[in-house]
Amino acid sequence: NAALTRRVACPDGKNTATNAACCQLFAVRDDLQENLFHGGQCTAEAHESLRLTFHDAIAISPALEAQGKFGGGGADGSIAIFPEIETNFHPNIGLDEIVELQKPFIARHNLSVADFVQFAGAIGASNCPGAPQLAAFVGRKDATQPAPDGLVPEPFHTPDQIFDRLADASNGEFDPILTVWLLTAHTVAAANDVDPTVPGSPFDSTPGLWDTQFFVETQLRGTLFPGTGGNQGEVESPLKGELRLQSDHTIARDSRTACEWQSFVGNQTKAQQMFQFVFHDMSILGQNIDDLVDCTEVVPIPAPPQGTAHFPAGLTINDIEQACAETPFPTLPTDPGPATSVAPVPRP
Ligand code: HEB
Ligand code: CA
């Protein structure tokens, strides 16, 4: 009950917080919004900051530890503390840029690097209309060594490989269903390096909106490559300018996950709540929640969703590759007009 919670006045003279440890975050938030996210935009920097949270957090493996090897520290900032090592791991291609852009912010504030990486992702996502308010914690311990290579999923991995890896990282919590929930993030995403001839190719037609178009468009029959064919981890997409990852394609069609995937179509509330839940748990992998302070109140409440689920112009239910055996694909309107091309996300 907010009325009964005693709030502390922050030393900045402007803000109050439920816990004094959260006070420092207001300045970090405002600095990020102004100087990294272009005044609070859902642009490439926001997308890449969100991607970075995953690539830091998922690098933890109880299975490796059981073999007597170091398994990585999860959400411990290692990707930004040892970037010369970790951004050279193959699945981390392209993340050197956002790590470099975040560096001066880390230098001028007093957060642990581990806290900063997750916080920047939560603030970045909050700029995407329709997004959930993502969790923010302070108190994570920073990495003292880099994560080992081989722990971040690749787009050319099979569903089995991806499901096994996410289950390992989370002690079984991230099962195939929660893996689908995590992949909601690809609603505000583009690829720069899968096909380097067409950088910024989005995964859905609305990379600036946290909507459910990603789940609609990944279920459409692939007919073209936005750039060149034959890239590892890429399959055909249904729209000019759009890029489809092989892993999104196969998980959308896998019998274990197809119905869960389809269930997100047109369900904005689900696309918010399920991701909010899994991000909370992902963002503290390898950390002890009892040592952390919940500062989610500092994360802006995102703008409301825009638009509703639809088929892109020129496409209909006949272009859907039905994969869920139990429930028919929802009825959706088709955007009017001739087929259009999805514009690339401008580079930072
Ligand atoms: Fe992600 C992007 C993969 C999960 C978030 N991805 C991405 C890409 C790829 C991927 C390949 C592109 C890169 C370039 O640039 O080229 N993912 C992936 C996989 C997986 C994933 C395989 C597992 C299944 N993600 C994920 C998660 C998350 C994410 C969980 C959350 C957190 N991603 C992301 C983002 C992006 C991506 C946000 C975008 C970035 C940009 O735009 O730049
Ligand atoms: Ca979208």
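Here goes a summary of the coordinates provided.

About the criteria used
Each chain has its residues counted from 1, following the order in which its sequence is written. The lettering of chains begins at A and the numbering of ligands begins at 1, in the order of writing. pLDDT decides what is reported in this predicted model: residues at 70 or higher carry local features, side-chain atom pairs at 80 or more are listed and counted, and totals for whole chains, interfaces and linings draw on all residues regardless. Based on all heavy atoms of the structure, the side-chain values leave hydrogens and waters out of the count. Numbering of helices and strands runs from the N terminus, with a helix taken as a DSSP run of H or I at least four residues long and a strand as a DSSP run of E at least two residues long. We call two residues in contact whenever any of their non-hydrogen atoms come within 4.5 Å of each other. Disulfide assignment relies on a single distance test, namely cysteine sulfur atoms paired within 2.5 Å. With water omitted from the atoms examined, metal sites may look incomplete; donors here are N, O and S atoms no farther than 2.8 Å from the metal, or 3.2 Å in the case of Na, K and Ca. We call a residue buried when its accessible area falls under 20% of the maximum for its residue type, exposed when it is over 50%, and partly exposed in between, using a 1.4 Å probe and counting protein chains only. We call a residue near a molecule or strand when any one of its heavy atoms sits within 4 Å of it. In protein, a polar contact means a hydrogen-donor-capable atom and an acceptor-capable atom, both N or O and within 3.5 Å, with residues adjacent in sequence counting only if both atoms are side-chain atoms; elsewhere, any N or O pair within 3.5 Å suffices. All amino acids are sorted into three groups, where Ala, Val, Leu, Ile, Met, Phe, Trp, Tyr, Cys and Pro are nonpolar, Asp, Glu, Lys and Arg are charged, and the leftover types, Gly among them, are polar. Here a Phe, Tyr or Trp ring, Trp counted by its six-membered ring, pairs with any other such ring whose centre lies within 6.5 Å, and the pair is stacked when the planes are under 30 degrees apart, edge-to-face when over 60, and tilted otherwise. Working rule: Lys NZ or Arg CZ, within 6 Å of ring centre, within 35 degrees of ring normal, means a charge sits over the ring.

Observations concerning the environment of A135
Thinking step 1. One can find A135 in the loop between α7 (113–126) and β3 (137–138).
Thinking step 2. Spatially, the C-alpha atoms of A135 and T316 are 37 Å apart, while their sequence positions differ by 181 residues.
Thinking step 3. Apart from residues no more than four positions distant in its own chain, A135 is found in contact with A122, F279, H280 and T296.

Points about the state of the cysteines
Thinking step 1. Counting across every chain of the model gives 4 disulfides.
Thinking step 2. A sulfur-sulfur separation of 2.1 Å characterises the disulfide bridge that pairs C42 with C128. Note on the C42 and C128 pair: the S-S dihedral is about 85°, so by sign convention the disulfide is right-handed. With C42 in the loop between α1 (23–35) and α2 (44–57) and C128 in the loop between α7 and β3, this residue pair connects regions lying 86 residues apart in the sequence.

Side note on the coordination of the calcium ion (ligand 2)
Thinking step 1. Taken together, the protein donors to the calcium ion (ligand 2) comprise T187 (O), T187 (OG1), D204 (OD), D204 (OD), T206 (O), T206 (OG1), L209 (O) and D211 (OD), at separations of 2.4 to 3.0 Å.
Thinking step 2. Positions of the donor residues of the calcium ion (ligand 2) along the chain correspond to the pattern T-x16-D-x1-T-x2-L-x1-D. Placement of T187 in the loop between α9 (176–182) and β4 (190–191) and of L209 in the loop between β5 (201–202) and α10 (213–217) is noted, with a sequence separation of 22 residues between them. Assigned by exposure class, T187 and L209 land together as buried.

Focus on the site of ligand 1
Thinking step 1. Of all residues adjacent to ligand 1, which total 24 residues, the nearest are E48, H186, A190, N192 and D193.
Thinking step 2. In this structure, a nitrogen atom belonging to ligand 1 sits 3.0 Å away from a side-chain N or O atom of H186.
Thinking step 3. Contact between ligand 1 and A190: an oxygen atom at 3.0 Å from a main-chain N or O atom of the residue.
Thinking step 4. Mapped by element, the contributors of at least two residues to the shell around ligand 1 are α2 and β4.
Thinking step 5. With 6 residues, the top contributor of residues to the shell around ligand 1 is α2.
Thinking step 6. Classifying every residue of the shell around ligand 1 gives 15 nonpolar, 5 polar and 4 charged.

Topic: the packing of aromatic side chains
Thinking step 1. Scanning the entire structure with this criterion turns up 8 aromatic pairs.
Thinking step 2. An angle of 70° between the planes, with centres 5.3 Å apart, marks the rings of F214 and F215 as edge-to-face.
Thinking step 3. On the basis of relative accessible area, F214 is assigned to the buried category, the value being 0%.
Thinking step 4. Judged by relative accessible area, F215 falls into the buried class, the value being 0%.
Thinking step 5. Here F215 and W261 contribute two aromatic rings whose centre-to-centre distance is 5.1 Å and whose plane-to-plane angle is 70°, an arrangement assigned as edge-to-face. Here the residue F215 occupies a position in helix α10, and W261 occupies one in helix α12 (residues 258–263), the gap between them amounting to 46 residues.
Thinking step 6. The structure contains a cluster of three or more aromatic residues connected by ring pairs, namely F214, F215, W261 and F264.
Thinking step 7. The ring of F105 has R108 sitting right over it, with the charged end atom 4.5 Å from the ring centre.
Thinking step 8. K270 extends its terminal NZ or CZ atom over the ring of F264, reaching a point 5.0 Å from the ring centre.

Focus on the coordination of the iron atom of ligand 1
Thinking step 1. In this structure, the iron atom of ligand 1 receives exactly one donor atom from the protein: H186 (NE2), at 2.1 Å.
Thinking step 2. Along the chain, the position of H186 falls in the loop between α9 and β4.

Topic: the environment of F37
Thinking step 1. Mapped onto the secondary structure, F37 falls in the loop between α1 and α2.
Thinking step 2. Looking at F37, the relative accessible area reads 0%, which means it is buried.
Thinking step 3. For F37, the contacting residues outside a window of four places in its chain are L32, E45, A46, S49, A120, I123, G124 and N127.

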